[in-house]
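Inside the fold
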Amino acid sequence: NLNASTDVAKGTLTITGYGNYQGSVTYNYEIVPASLSKATIVPINNSVYTGNAIVPVVTVKNGDQVIPSAYYDVKYKNNVKTGKATVTVTGKGNYSGTKSTTFKILPTQVSNLKQTSATNTSVKLSWSKNPSGQAVSGYYIYKVDTKRNRYTKIGSTTKNYFTVSKLKAGSNW
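Structure report, in brief. Per chain, residue numbering runs from 1 following the sequence as it is written. Since the coordinates come from a predicted model, pLDDT governs what is reported: local features require at least 70, and pairs of side-chain atoms require 80 or more to be given and counted, while whole-chain, interface and lining totals use all residues. Side-chain numbers come from the whole structure's heavy atoms, not from hydrogens or water.

Counting from the N terminus, the helices are DSSP H or I runs at least four residues long and the strands are E runs at least two residues long. Relative to the assigned elements, Phe 162 resides in strand E16 (residues 161-164). Sequence spacing of Phe 162 and Tyr 140 is 22 residues, and the spatial spacing of their C-alpha atoms is 9.6 Å. Whether two residues are in contact is decided by their heavy atoms, any of which lying within 4.5 Å being enough. Apart from the residues lying within four places of it in its own chain, the contact partners of Phe 162 are Val 123, Lys 124, Leu 125, Trp 127, Ile 141, Ile 154, Gly 155, Ser 156 and Thr 157.

As structure tokens, then:
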């Protein structure tokens, strides 16, 4: 008589003889939770700052099998401000232990970018301060090189304006 289960449980296995065999043997067994230590959390895409908690959907896998969300709790840490946020899943039911991963919360793009003045050798750019009330400690200014498909950093500022200088009149820098 087998009390078989795939869920966490305690059971009893009894073998009873018949024919030329007599008596019985009983064995108690326990199915213990699987550890999340070998599970993987599907990578979470970067998010953009909104001013609210970012709570992306989490998918946990045991090999190729998706573990149903009923078998773990999800907690988020540092998931409001820009920077690195952490997601921790804690097993329950058929799973035990914890597993964590991170994702980035990126700053929103600057808004109202405009040229506020220009000379033959310089151009002053400005933009709105701290979009969405986001705490911004500074800005990097990059030049886009479309021929080589790359960005080149040309400066940084803690203000909401920057002057690009040393330009050559009539050129596309």
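We are not done yet, so read on.
DSSP-based pairing: two strands are paired if at least 2 bridges between them are found. Pairing in this open sheet of three strands is antiparallel, and the strands run E4-E6-E7 from one edge to the other. The sheet terminates laterally at strand E4 (40-41) and strand E7 (65-67), the two strands that pair on one side only.

With that settled, consider the sheet that holds strand E12 (residues 114-118). The strand order across the open sheet built from three strands is E12-E13-E16, with neighbouring strands paired in antiparallel fashion. The two strands at the open ends of the sheet, each matched to only one other strand, are E12 and E16. Across the sheet, the mean angle separating the axes of adjacent strands is 25° when strand polarity is ignored. Every axis in this analysis is a line fitted to C-alpha atoms, fitted for helices over the stretch in contact. Angles between the N-to-C directions lie between 0 and 180 degrees.

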